[in-house]
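Topology and contacts: notes
Next come the chains, spelled out residue by residue.
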Amino acid sequence: MAKVLIKGNEAVAEAAIRSGCRYYFGYPITPQTEIAEYMAKKMPKVGGLCLQAESEVAAINMVYGAAASGVRVMTSSSSPGISLKSEGVSYIVGCDLPCVILNVQRGGPGLGGIQPSQSDYYQATKALGHGDMQLFVLAPSSVQEMAQLTADAFGIADKYRMPVLLLADGALGQMMEPVDFDMLHFTPEPEKPWAVNGHGGKRKKNIITSLFLKPEELEANVLERDKKYKTVNENEVRYESYMCDDADIIIVSFGITARISKAAVNDAREKGIKAGLLRPVTLSPFPSEILKKLSDTASAFLSVELNMGQMVNDVKLAVECKKPVYFYGRTGGSLMSSADVLDQIEKIAGGLK
Amino acid sequence: MTNKIILAGFGGQGILFLGKKLAVSGMDKGLNVTWLPSYGPEQRGGTCNCSVILSDNDISSPIIGNPDILVAFNIQSYEKFMPRISSGGILFADSTLIDKRPERDDIKSYFIPATQIANDIGMPKLVNVVMLGYFIKNTDIFTADYIRSAITDSLPASKAELREANGRAFDLGYGYNG
Amino acid sequence: MIVYKRPEALSKVSMHYCPGCTHGIVHRLVAEVIDELGIEKDTLGVAPVGCAVFAYNYFECDFIEASHGRAPAVATGIKRTHPDKIVFTYQGDGDLAAIGTAETVHASARGENITIIFINNTNYGMTGGQMAPTTMPGQVTTTSPYGRQKMIQGNPIHVCEMLSTLDGVAYAERVAVNNVKNVRAAKRAIKKAFQNQIDKKGLSIVEVLSTCPTNWGMTPVDALKFVDEKMIPFYPLGVYVDRNAMGGESDDK
């Protein structure tokens with residue numbers, strides 16, 4: 001076991017390189033700039049390339065080109081920069097290309113702040129680009145998980161030919177925690193016969209495009225992609241369930257706030273309140289089934305987020321009005337404490353009596 | 001056991017390094033640890049701080065509202081963070097640069113002229129190591145031997161002089177009786 | 001003996017371009033060059049958004065369709081991951097010199113070892129003849145209905161002149177395809193722009209003054225005359241820069 005103390009941002013970069021990613025295109029923005037710096041330092045040593053683009057728009061389009069040509073590639077940014085990337089993301093989805101994108105969220109809207117936030121949940125899970133589209137969204141909760149989910153992201157992206165978004169935040173990106181890189185598991189890169197990399201006189205030409213001017217062709221294309229999304233929804237949902245089996249009150253929380261919520265669950269249990277935590281690891285696909293199931297046994301749900309209430313609506317959809325769903329959040333860059341979450345649990349518990 | 005430590009001062013005083021040293025030592029001891037720096041424009045003004053949490057439990061948030069221990073290297077940090085030390089907590093402060101004393105009687109205060117001591121041995125950059133020695137003496141998180149060798153052993157053998165200077169700075173801090 | 005035939009690199013399909021449009025000529029020239037250099041199997045094209053959006057249907061090499069203006073960034077992504085392949089973009093004036101100016105300028109400044117075929121027909125053809133960054137002073141378009149005025153719509157951009165100031169550009173030449181002599185010169189320029197890439201000289205761009213009879217409201221013949229009488233005086237033909245911008249070697253250690 002060889003643990004190293006490393007920043008979340010750097011853990012992503014290192015895990016990406018270990019996953020066989022040799023190309024990184026990005027643009028500096030706080031609080032994720034360490035990734036570009038790490039890549040710039042390490043990529044030349046492994047025969048890779050880190051290119052600082054003129055903008056996030058250019059960076060995502062470089063990723064588009066690289067992904068189309070069949071290599072493992074990634075970019076990263078923080079909230080305002082991710083908005084700029086949305087154009088390219090939509091094209092990448094429309095062309096069914098694999099790539100990895102990291103959003104180290106900061107507070108918004110606009111230039112906002114630079115402190116941790118989860119206020120891009122809607123953007124990540126509903127609308128990171130125009131069109132009928134869905135991303136695969138993973139939400140790490142520790143630096144070790146930042147590394148493992150990065151490795152997983154490359155495998156998922158290749159398997160389903162779709163972009164995978166890692167949704168982290170300023171705290172996870174900036175904090176150092178022990179990481180054991182030897183514990184990581186990787187997915188080998190598959191053959192990519194569809195890639196635009198020169199037909200070599202051995203096959204027909206490959207075309208990568210998202211343009212379908214005939215409505216029936218575009219509809220067929222979107223329907224075909226929707227089948228893929230259904231497969232993903234059936235097979236790839238991930239979550240951590242903590243003390244949910246006998247819980248009256250289930251907190252739903254992802255990323256950094258899930259850790260805080262877990263501490264609150266422990267504190268609540270000590271006070272005799274049966275609390276539990278359901279932590280979605282995939283935000284898209286969302287763990288609706290398990291939430292629906294838990295709504296048979298639990299009395300109430302509490303969504304804890306660093307925003308004004310975004311994921312809570314997915315929880316409500318999953319629970320189908322069978323049980324009350326509450327929300328507690330902070331925004332603008334402030335984090336709640338576990339005592340704050342415990343207060344909310346106690347309030348709900350009081351109401352249940 | 002959980003220790004929430006904020007270290008704060010000017011850039012160049014080795015604050016982030018000192019924080020990392022504590023975090024790595026905790027990690028090597030098998031503790032859960034987090035280290036979180038201040039970032040963005042805040043660090044451009046020349047001030048700098050980091051939050052270190054050492055715990056044998058899961059660490060929920062890396063952000064520290066109320067530290068158990070504050071290590072302050074300048075007056076700005078002292079004024080910003082001293083009032084936030086939790087009751088029963090500990091203050092370490094560089095008395096060369098901080099001429100105030102807390103009016104709180106619910107915290108323990110340890111003052112050491114760390115900058116002066118480091119300057120006296122001609123190694124002004126080792127102010128953080130002087131402070132570390134003093135910190136270790138007055139807390140029971142790590143043993144002195146463990147941390148002293150963590151500091152010196154992290155330097156290559158080729159830098160014997162620097163090793164020796166670090167060891168000396170540590171000893172001076174450890175042996176200080178204010 | 002066959003003296004005139006369809007180039008191998010040009011697909012056996014009908015093009016969608018308007019009668020009298022010179023896109024077809026330029027496509028053919030590019031295909032002839034690909035054939036003559038024997039590079040089809042290693043060539044990757046990047047299509048723009050604009051009239052040439054379907055360029056991928058007309059060439060036999062691999063192709064990718066970029067979003068509006070981003071072709072040089074997409075080409076960067078491909079070329080940097082496949083430095084041994086030949087990568088070219090084919091872009092119009094709105095794509096290259098308006099929405100994609102940043103990508104164009106920075107790919108040029110970096111000296112990306114790619115080839116850009118730039119079609120300047122002084123208007124947005126696909127959307128129906130709106131003002132382009134290359135629309136000339138006084139020229140009427142649907143969004144400059146009283147003629148382009150300096151105080152209202154501002155000045156046009158001379159792309160070759162602008163890019164020739166950037167150190168990464170190996171070769172910038174403006175050509176026209178309005179008569180046989182100019183078509184031959186255009187072919188020579190396009191061939192050089194591809195050869196430069198093989199020789200790793202840096203970014204090469206060929207700006208082709210082209211016609212848009214439909215949106216100009218002219219017959220094809222009058223459109224060719226317009227190129228000769230109005231465009232060439234405003235956009236002088238010639239080589240703006242010709243050098244080895246990258247020393248022919250990479251500086252990788």
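Parameters and conventions
Residues numbered from 1 in each chain as written. Chains lettered and ligands numbered in written order. Predicted model: local features only at pLDDT ≥ 70, side-chain atom pairs only at ≥ 80, totals over all residues. Helix = DSSP H or I, 4+ residues; strand = E, 2+ residues; numbered from the N terminus. Rg over C-alpha atoms; globule rule 2.2 N^0.38 Å. Buried ≥ 20, exposed ≤ 12 C-beta atoms within 10 Å, placed from the backbone. Pairing = 2+ DSSP bridges. Axes fitted to C-alpha atoms, helices over the stretch in contact; angles between N-to-C directions. Contact = placed C-beta atoms within 7 Å. Core = buried A, V, L, I, M, F, W, Y, C linked by C-beta atoms within 7 Å. Domains from an automatic or database assignment. Nonpolar A, V, L, I, M, F, W, Y, C, P; charged D, E, K, R; others polar. Expected span 1.5 Å × (residues − 1). Parallel < 35°, antiparallel > 145°, perpendicular 65-115°, else oblique. Left-handed = near helix turned anticlockwise from the far one by under 90°.

**Here's the deal with the overall build of chain B**
A tally of regular secondary structure across chain B gives seven helices and six strands. The helix and strand sequence of chain B, counted from the amino end, reads β-α-β-α-β-β-α-β-β-α-α-α-α. In summary, chain B has a C-alpha radius of gyration of 15 Å against a globular reference of 16 Å for 178 residues, a match within 12%. Overall, the C-alpha framework of chain B stretches about 40 × 40 × 35 Å when taken along its three principal axes. The burial tally for chain B puts 46% of its 178 residues in the buried class.

**Things to note about the sheet that holds strand S12 (residues 275–280) of chain A**
Residues and elements named next belong to chain A. With mixed pairing, the five strands of this open sheet are ordered in space as S10-S12-S11-S14-S15. Only two strands of the sheet have a single partner each, and these edge strands are strand S10 (239–242) and strand S15 (325–329). For this sheet, the mean angle separating the axes of adjacent strands, direction not counted, is 20 degrees. Along the sheet face, helix H10 (residues 288–297) touches S10, strand S11 (249–252) and S12 and points at about 165 degrees away from the line of S12. In the packing of helix H12 (residues 338–352) onto the sheet, contacts are made with S11, S12, strand S14 (300–305) and S15, and the angle to S14 comes to roughly 160 degrees.

**Some points on the sheet that holds strand S1 (residues 43–47) of chain C**
The eight strands lie next to each other as S9(A)-S2(C)-S1(C)-S3(C)-S4(C)-S8(C)-S7(C)-S9(C), forming an open sheet whose pairing is mixed. Each edge of the open sheet carries a strand with a single partner, namely strand S9 (207–208) of chain A together with strand S9 (238–242) of chain C. Both S9(A) and strand S2 (residues 62–65) of chain C contribute to a ladder of two bridges, which runs parallel. Its bridge partner being in S2(C), Ile207(A) is matched across the sheet by Phe63(C). Helix H6 (residues 180–198) of chain C contacts strand S3 (86–92), strand S4 (115–120), strand S7 (169–176) and strand S8 (203–209) of chain C of the sheet and is inclined by roughly 165 degrees relative to S7(C).

**Let's talk about the nonpolar core**
Counting 251 residues, the largest nonpolar core has Val100(A), Leu166(A), Ala72(B), Val130(B) and Val208(C) as the members making the most contacts within it. Ranked by residue count, the leading element in this core is helix H3 (residues 56–68) of chain A, at 10 residues. In terms of domain composition, this core takes at least three residues from each of domain 1 (3–235) and domain 2 (242–352) of chain A.

**Overview of the environment of Leu166(C)**
All names here are of chain C. Within the fold, Leu166 resides in the loop between helix H5 (159–163) and S7. A count of 20 C-beta atoms within 10 Å places Leu166 in the buried class. Here the alpha-carbon distance between Leu166 and Ala109, two residues 57 residues apart in the chain, equals 5.4 Å. The residues contacting Leu166, other than those within four sequence positions of it, are Ser108 and Ala109.

**Here's the deal with the interface of chain A and chain C**
In this assembly, 34 residues from chain A lie in contact with 28 residues from chain C. Those elements that place two or more of their residues in the side of chain A that touches chain C are strand S2 (23–26), strand S3 (49–52), H3, helix H4 (79–94) and S9 of chain A. Of all the elements, H3(A) adds the most residues to the side of chain A that touches chain C, at nine residues. Residue composition of the side of chain A that touches chain C, by class: 18 nonpolar, 13 polar and three charged.

**With respect to the domain arrangement of chain A**
For an interface, size is often stated in terms of accessible area lost upon the parts coming together. Residue and element names in this part refer to chain A. Annotation of chain A at the domain level lists domain 1 (3–235) and domain 2 (242–352). For domain 1 and domain 2, the distance between their C-alpha centres works out to 28 Å. If you look at the interface, domain 1 gives 26 residues, while domain 2 gives 22 residues. Breaking the side of domain 1 that touches domain 2 down by element, the ones donating at least two residues are helix H5 (121–126), strand S6 (136–138), strand S7 (163–169), helix H7 (170–174) and helix H8 (215–235). Among the elements that take part in the side of domain 1 that touches domain 2, H5 stands out by supplying four residues, more than any other. Class assignment of the residues belonging to the side of domain 1 that touches domain 2 gives a composition of 15 nonpolar, 10 polar and one charged.

**Looking at the pairing of strand S4 (residues 69–72) of chain B**
Residue and element names in this part refer to chain B. Alternating residues of S4 divide into Ile69 and Val71 and Leu70 and Ala72, and every residue in both groups is buried. With four bridges joining them, strand S1 (residues 2–10) and S4 adopt parallel strand pairing. Paired with Leu7 across the two strands is Val71, which belongs to S4. Two elements, S4 and strand S5 (residues 90–94), share four bridges in a ladder whose sense is parallel. Looking at the pairing, Ile69 lines up with Ile90 of S5.

**Some words on the interface of chain A and chain B**
On the chain B side, the residues contacting the 19 residues of chain A number 17 residues. For the side of chain A that touches chain B, the elements supplying multiple residues, two or more each, are strand S1 (3–7), H7, strand S8 (176–180) and helix H9 (255–270) of chain A. Take the side of chain A that touches chain B: its biggest share by element is five residues, from H9(A). Class assignment of the residues belonging to the side of chain A that touches chain B gives a composition of 11 nonpolar, four polar and four charged.

**Points about helix H1 (residues 23–37) of chain C**
Residues and elements named next belong to chain C. The terminal C-alpha atoms of H1 lie 21 Å apart, and with 15 residues this matches the ideal 21 Å at 1.5 Å per residue to within 8%. Buried within H1 we find His23, Val26, His27, Leu29, Val30, Ala31, Val33 and Ile34. Where H1 is buried, its residues meet S1, S4, H6 and S8. Trailing H1 by a residue or two, Gly38 shows a phi angle of about 65 degrees, which is positive.

**A short note on the environment of Thr331(A)**
Residue and element names in this part refer to chain A. Mapped onto the elements, Thr331 comes out in the loop between S15 and H12. Each C-alpha atom, one on Thr331 and one on Ser78, is 16 Å from the other, the two residues being 253 residues apart in sequence. When neighbours within four sequence positions are excluded, Thr331 is seen to be in contact with Gly107, Ser117, Ser119, Leu306, Asn307 and Met308.

**Observations regarding helix H8 (residues 220–234) of chain C**
Residues and elements named next belong to chain C. In this model, H8 (15 residues) spans 20 Å end to end at C-alpha, consistent with the 21 Å of a helix rising 1.5 Å per residue. Among the residues of H8, those classed as buried are Ala223, Leu224, Phe226, Val227 and Met231. If you follow the buried residues of H8, they end up packed against S7, S8 and helix H7 (213–216).

**Digging into the packing of helix H1 (residues 8–18) of chain A against helix H6 (residues 143–160) of chain A**
Residues and elements named next belong to chain A. Relative to each other, H1 and H6 sit at 30 degrees, their axes nearing to 8 Å. With respect to each other, H1 and H6 are oriented roughly parallel. In this structure, the crossing between H1 and H6 has a hand that is right-handed. Of H6, the residues touching H1 (which contributes Gly8, Ala11, Val12, Glu14, Ala15, Ala16 and Arg18) are Val143, Met146, Ala147, Thr150 and Ala151. The class makeup of the residues in the contact of H1 with H6 is eight nonpolar, two polar and two charged.

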